[in-house]
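Close look at the chain arrangement
One letter stands for each residue in the lines below.
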Amino acid sequence: MNTEERKHKFMEPVPDNLSDYCHKEGLPSYREGQILEWIWKKKALDPLSMSNLPTSVREDLREKIYLPEIEKMNKSGDKTVKYKVKFWDKNEAETVLIKEGGRTTVCVSTGIGCPYGCLFCATGGMGFVRQLTPYEIAVQVLLAASAGKANPTNVVLMGMGEPFYDYKGAMAACDMINDKRMLGIGQRKITVSTAGVVPGILFLAKSAKQYKLAVSLNASNDTDRKKIMPVARKWTLSALMDAVKQYTDITNKKVTFEYVLIKGFNDGPSDARKLSELLDGVLCKVNLIPYNRAEKGFERPEPAILLRFQEALKKEGVEVTTRFSKGEDIQAACGQLFTGKQKKMR
Ligand code: SAH
Ligand code: SF4
């Protein structure tokens, strides 16, 4: 196959639409289950080894199925592992495996770079190459589990990229992660984090699925939010909060608001007050993420300021926790994932 043919074939790798493939090829319906078992349970690297399939099907699949490869791994002092995964077009994304308490969480990427370019995020600084397909998102869980000899209990779509840039694709990825024939992880153990892409939130709300929603707020008002998150120009806080309200009304589930605390920018008492006003009456909790070193011009607040912010929210009755990201020493923490050409300061 030449590069152009490969490109065409893998733009939508067969595992993304296996039913269509089987239908088109006139295969009996049980073949779909067999192929799924080979990919997801037996982790067959080479379709030619799928011994219960006819040779012609194996040969054809060899042209159409590919398993992304782990290019590199880094292990943190806190045992967090970061994998660099390479896709068919040589683009790379990072996947993080985090073990904490009884949980093993895989943090998957949804894009090569990110279209939204938040100023404080290393992925945002890369620009945007392309969105990953549902299979390419879900298969990262399989790769990290195999390489890390782990049994993931939770999956978060919180790596490189914005899941809801392609919200149908993000939901299809969650469905693959959830499907018992594939990864079999419970819907409540899968979280999608969005920078505030309203149509994606509404799509999830109306899907009748139990996937959890996290929304990156990072500021308590539109003016500040627009300064650091270009996505805020498209969807204002009022539109965002309206969508969140629809989500909580329909699902009766709490939303997690992520709030990256940046020194001198959004960490003052008036920010805490405005934030608690914004969230008044919303079924939610707040996850404070002290800024991780990623882009120039931003710093993490001192511990006393963090505490003051957290206490101020608590006093207003907001449920709040602080997440000290794991894997900061290997640039695997929130906002540090990056596979671009070169980075001057990280
Ligand atoms: N695009 C999605 C998911 C990926 S980003 C989103 O924005 O929600 C995952 C989380 O990392 C987001 O909550 C984001 O606000 C946070 N983040 C980005 N850069 C960060 C940094 N430098 N330090 C701490 N958290 C950061
Ligand atoms: Fe994209 Fe999320 Fe990073 Fe913003 S924080 S640039 S939306 S990955």
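A brief report on the enclosed structure follows.

Rules and cut-offs
The residue numbers shown here count from 1 along each chain, following its written sequence. Both sets of labels track the order of writing: A upward for chains, 1 upward for ligands. Only residues with pLDDT of at least 70 get local features here, since the model is predicted, and only at 80 or more are side-chain atom pairs given and counted; chain-wide, interface and lining totals rely on the full set of residues. In computing side-chain values, all of the structure's heavy atoms are included and hydrogens and water are not. The helix and strand labels rest on DSSP assignments: H or I over at least four residues marks a helix, E over at least two residues marks a strand, and numbering proceeds from the N terminus. For the radius of gyration, the atom set is restricted to C-alpha positions; the globular benchmark scales as 2.2 Å times the number of residues to the power 0.38. Note on exposure labels: buried denotes an accessible area under 20% of the residue type's maximum, exposed denotes more than 50%, and partly exposed covers the range between, all computed with a 1.4 Å probe on protein chains only. The contact rule is simple, with two residues in contact once any of their heavy atoms fall within 4.5 Å. Areas reported here follow the Shrake-Rupley algorithm with a probe of radius 1.4 Å; residue values treat only the protein chains shown as occluding. It suffices for a single heavy atom of a residue to lie within 4 Å of a molecule or strand for the residue to be listed as near it. Residues were grouped as follows: Ala, Val, Leu, Ile, Met, Phe, Trp, Tyr, Cys and Pro as nonpolar; Asp, Glu, Lys and Arg as charged; and all remaining residues, including Gly, as polar. For two strands to pair, DSSP has to find at least two bridges joining them. A crossover gets the label right-handed when its path from the first strand over the helix to the second runs clockwise, viewed with the strands pointing away from the viewer. Side-chain rings of Phe, Tyr and Trp, where Trp is taken by its six-membered ring, are said to pair if the distance between their centres is within 6.5 Å; with planes under 30 degrees apart they count as stacked, over 60 as edge-to-face, and otherwise as tilted.

This brings us to the overall build of the protein chain. A count of helical and extended segments in the protein chain gives twelve helices and twelve strands. Its C-alpha atoms give the protein chain a radius of gyration of 21 Å, within 12% of the compact-globule value 20 Å for 346 residues. Along the longest, intermediate and shortest principal axes, the C-alpha atoms of the protein chain span 70 × 45 × 40 Å. The burial tally for the protein chain puts 54% of its 346 residues in the buried class. Expressed as a percentage of contacts within the protein chain between residues at least 6 apart in sequence, the contacts between residues at least 24 apart total 66%. Counting every atom, the protein chain has about 16,000 Å² of accessible surface; 48% of that belongs to carbon and sulfur.

The full set of residues close to ligand 2 is Cys114, Tyr116, Gly117, Cys118, Cys121, Gly124, Gly161 and Ala195. Taken together, the residues of the shell around ligand 2 break down into five nonpolar, three polar and no charged.

The subject of this paragraph is the pairing of strand S9 (residues 212–216). With four of five residues buried, S9 lies mostly within the body of the structure. As judged from the four bridges shared by strand S8 (residues 190–194) and S9, these two strands associate in the parallel manner. Across the sheet, the residue bridging to Thr191 is Lys212, located in S9. At this point the chain moves from S8, through helix H7 (residues 198–206), to the parallel S9, and the crossover so formed is right-handed. Where S9 and strand S10 (residues 255–261) come together, three bridges link them in parallel fashion. Considered in S10, the bridge of Ala214 is made with Thr256.

On to the packing of aromatic side chains, then. Applying the stated criterion across every chain yields a total of seven aromatic pairs. Relative to Tyr135, the ring of Tyr66 has its centre 6.4 Å away and its plane inclined at 80°; by these criteria the two rings are edge-to-face. Linking Tyr66 in the loop between helix H4 (55–64) and strand S1 (69–75) with Tyr135 in helix H5 (residues 134–147), this pair joins segments that are 69 residues apart in sequence. When its relative accessible area of 10% is taken as the criterion, Tyr66 is described as buried. Looking at Tyr135, the relative accessible area reads 0%, which means it is buried. Between the aromatic rings of Tyr291 and Phe298, the centroid separation amounts to 6.0 Å while the plane-to-plane angle is 45°, which identifies the pairing as tilted.

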